[in-house]
Amino acid sequence: MPTIIKQTSMTINGEKVNTEKTLPVINPAKETEVGVSPVASRDDLNKVVFAARTAFPKWAALSMEKRAEMLEKLADVIAKNREELARIFTLEMGRPINAAFGSYTEIDHAASWCRAVSNYRVPREVIEDTEKHRVERIRTPLGVAGLIVPWNFPVMLAMWKISSALLSGNTIVVKPSPYTPLTTLRIGEIAREIFPRGVFNVVAGTNELGQWMTEHPDIDKISFTGSTATGKKVMKSAANNLKRVSLELGGNDAAIVLEDADPKEIVEPLFWSAFSNTAQVCVATKRLYVHEKIYDEFLDSFVQYAKKIPVGDGMEPTTMIGPVQNKMQYEKVKDLINDAKRTGANIVCGGNVEDKTGYFIPITIIDNPPENSRVVTEEAFGPVLPVIKYSDYEEVIKKANDTSYGLAGTVWGRDLELARTVAEKLETGTVWINEFQVMGPQYPFGGHKQSGVGVENSLDGILEYTNSKVIMLKKK
Ligand code: NAD
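About the criteria used
- Residues numbered from 1 in each chain as written.
- Predicted model: local features only at pLDDT ≥ 70, side-chain atom pairs only at ≥ 80, totals over all residues.
- Heavy atoms only, no water.
- Helix = DSSP H or I, 4+ residues; strand = E, 2+ residues; numbered from the N terminus.
- Buried < 20%, exposed > 50% of the residue type's maximum accessible area, 1.4 Å probe, protein only.
- Polar contact = N/O pair within 3.5 Å; in protein donor to acceptor, adjacent residues only side chain to side chain.
- Contact = heavy atoms within 4.5 Å.
- Axes fitted to C-alpha atoms, helices over the stretch in contact; angles between N-to-C directions.
- Parallel < 35°, antiparallel > 145°, perpendicular 65-115°, else oblique.
- Nonpolar A, V, L, I, M, F, W, Y, C, P; charged D, E, K, R; others polar.
- Near = heavy atom within 4 Å.
- Areas by Shrake-Rupley, 256 points an atom, 1.4 Å probe, with all protein chains shown as cover.
- 1 Å grid on protein atoms, 1.4 Å probe; cavity = no way out; pocket = protein on both sides within 12 Å on 5 of 7 lines; lining within 4 Å.
- Sits in = over half its atoms within 2 Å of the grid points.
- Salt bridge = Lys/Arg side-chain N within 4 Å of Asp/Glu carboxyl O.
- Pairing = 2+ DSSP bridges.

A closer look at the side chain of Arg95
Relative to the helices and strands, Arg95 is located in the loop between helix 3 (82-93) and helix 4 (103-117). Among the residues examined, Arg95 registers a relative accessible area of 2% and is labelled buried. Only 3.4 Å separates the side chain of Arg95 from the backbone oxygen of Phe101, close enough to count as a polar contact. Not counting the four nearest positions on each side in its chain, Arg95 is found in contact with Phe89, Thr90, Phe101, Gly102, Ser103, Glu106, Asn152, Phe153, Asn277 and Gly314.

Structure, rendered in structure tokens:
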């Protein structure tokens, strides 16, 4: 099976565009170059925005049924090219190809998400209809949408944005992360025949390209997923022309295990809620609070389970956890582990990062670190997890909420009444009870506090790509 990906090109105005300048894309399991990414210049960006702007009126004027048909075709070509896309995905991203939420699943989700969104229709609402007066609210597309995507779920998150933006009548410029551009560029290539020229554009480059997009006067909306620090920059520069922004940002999600939870039942789902995708999930469990009555029993089973999980190269069919996706993140997670060691933390699993090829960090679990330690207060975004003992529900809710983030959280226990009460008190956009990371095109997803602005998915998410317009008619 080839481990080098052929040159992938940008899609601008329906055409293949390569750049002289390129960036290496690194396989995180081997630290070898698997392909190169084009690097768009400012001039390329101006061209792509011009193409998207020119294509906009005709695209917006098409019926929603016609646009939905093309989205269905997009879902079909993604499904048809599943093997190739999953392979590119694992090589550039590191995610195990076969794991429960592995590369095949990411590609399958992208296709099914696109198909599901194509079934939505933006409603025309009649607010008032009397003998004398009729008031309707319609929705109009915004124009050119810039879609900026991170490296942890590069295809699925791109597809959330692509499908909603296109269905509601916007033309798009997609920008993947410089760490994981290849699968998205390839989707741009295989989608060229489907959409009219200028409707579906994919560009790639450095972080600077993202910055230029947020400043560009002819982009009307930025839908951004990434870190809170970058999200703040996006909001600032989007102010230039008062672009609409949707921001899906970082989190430091708490899981709260109630005293009546059965450790045997919850160890496995809780493990995956924290470590799936090498813990590089915005809604991963990043702080795990366990009631003192079951703390020791739980921690023991949790660590035993963790020790059995194979970590390795994602191309190996038995691997369940891959490497950290990139060197920057690898260094950041190592630094958090070293900080925990320096401050005397009790590391009960992992903790020793071997000096070997690949950005591999062992599953690391820390027993009851202080609430103000970095491993508790910072978003690790890598396989290191603090497990913290608590005794009082009000106190644990206060601790869980004592963060500037507010993305999601989970509650685990048999007393569903109590679990619901705790869930309602968490200051987050989503709370799962006795399950985790259940996502769907029908569920609105977004963060509170500094975890985001606006929502994605569901009709609410689609409407974020539209203007509200009220038409009032005085009847005779
Ligand atoms: P990042 O903020 O570094 O980069 C995200 C994207 O923004 C990339 O495409 C990058 O090239 C681009 N970018 C960088 N600088 C920019 C700038 N100044 N202006 C515009 N664009 C710019 O984030 P990351 O490291 O790729 O992703 C990890 C982060 O994303 C984590 O914090 C994670 O929690 C968060 N995330 C959030 C969600 C969510 O839905 N809330 C989902 C996935 C990841």
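The discussion continues.
Regarding the packing of helix 3 against helix 6 (residues 182-190)
Direction vectors running N to C along helix 3 and helix 6 enclose 155°, while the axes themselves pass 8 Å from each other. One way to sum up the angle between helix 3 and helix 6 is to call them roughly antiparallel. Listed contacts from helix 6 to Glu84, Leu85, Ile88, Phe89 and Glu92 of helix 3 are Leu182, Thr183, Arg186, Ile187 and Ile190. Across the contact of helix 3 with helix 6, the residue classes break down as 6 nonpolar, 1 polar and 3 charged.

Focus: the site of the ligand
Among the 29 residues in the neighbourhood of the ligand, the closest are listed as Val149, Asn207, Thr230, Leu249 and Glu379. Thr230 places a side-chain nitrogen or oxygen 2.7 Å from an oxygen atom of the ligand. Measuring from an oxygen atom of the ligand, one finds a side-chain N or O atom of Glu379 at 2.6 Å. Out of a free accessible area of 860 Å², the ligand has 93% covered by protein chains. When atoms are counted within 2 Å of each cavity's grid points, the one that captures over half of the ligand is the largest pocket. When residues of the shell around the ligand are traced back to their parent elements, those giving at least two are helix 7 (207-215), strand 10 (221-225) and helix 8 (228-238). Considering each element in turn, the shell around the ligand owes the most residues, 4 residues, to helix 7.

So, the pattern of salt bridges
Applying the stated rule across the entire model yields 34 salt bridges. Of the charged contacts, one joins Asp335 and Arg374 as a salt bridge, the two residues approaching to 3.1 Å between their closest N and O atoms. Here Arg374 lies in helix 12 (residues 374-377) and Asp335 lies in helix 11 (residues 327-342), a separation of 39 residues in the sequence. Using a relative accessible area of 33% as the deciding quantity, one classes Asp335 as partly exposed. Owing to a relative accessible area of 26%, Arg374 belongs among the partly exposed residues under this scheme. One salt bridge in this structure joins Lys425 and Glu394, with 3.1 Å as the shortest N-O distance. Taken together, the residues Lys425 in helix 14 (residues 416-425) and Glu394 in helix 13 (residues 393-401) connect sequence positions 31 residues apart.

Describing the sheet that holds strand 6 (residues 133-141)
Strand order across the open sheet formed by 3 strands is 5-6-20, with antiparallel pairing between neighbours. The open sheet terminates on both sides in strands that have one partner only, identified here as strand 5 (125-129) and strand 20 (466-474). When the angles between neighbouring strand axes are averaged without regard to direction, this sheet yields 20°. Pairing between strand 5 and strand 6: 4 bridges, direction antiparallel. Each bridged residue has a counterpart across the sheet, and for Val126 the counterpart in strand 6 is Glu136.

Let's talk about the sheet that holds strand 15 (residues 364-367)
Reading across from one edge, 14-15-16-13-12-17-18 is the order of the 7 strands in this open sheet, with mixed pairing throughout. Of all the strands in the sheet, the pair left with one neighbour each is strand 14 (346-349) and strand 18 (430-433). Averaged over neighbouring strand pairs, the angle between their axes works out to 25° when direction is ignored. With 4 bridges connecting them, strand 12 (residues 253-257) and strand 17 (residues 408-412) associate as parallel partners. The residue bridging Val257 from the neighbouring strand is Trp412, located in strand 17. The sheet contacts of helix 14 involve strand 12, strand 17 and strand 18, and relative to strand 18 the element is tilted by about 165°.

Function cannot be read off these values alone, since they describe shape.
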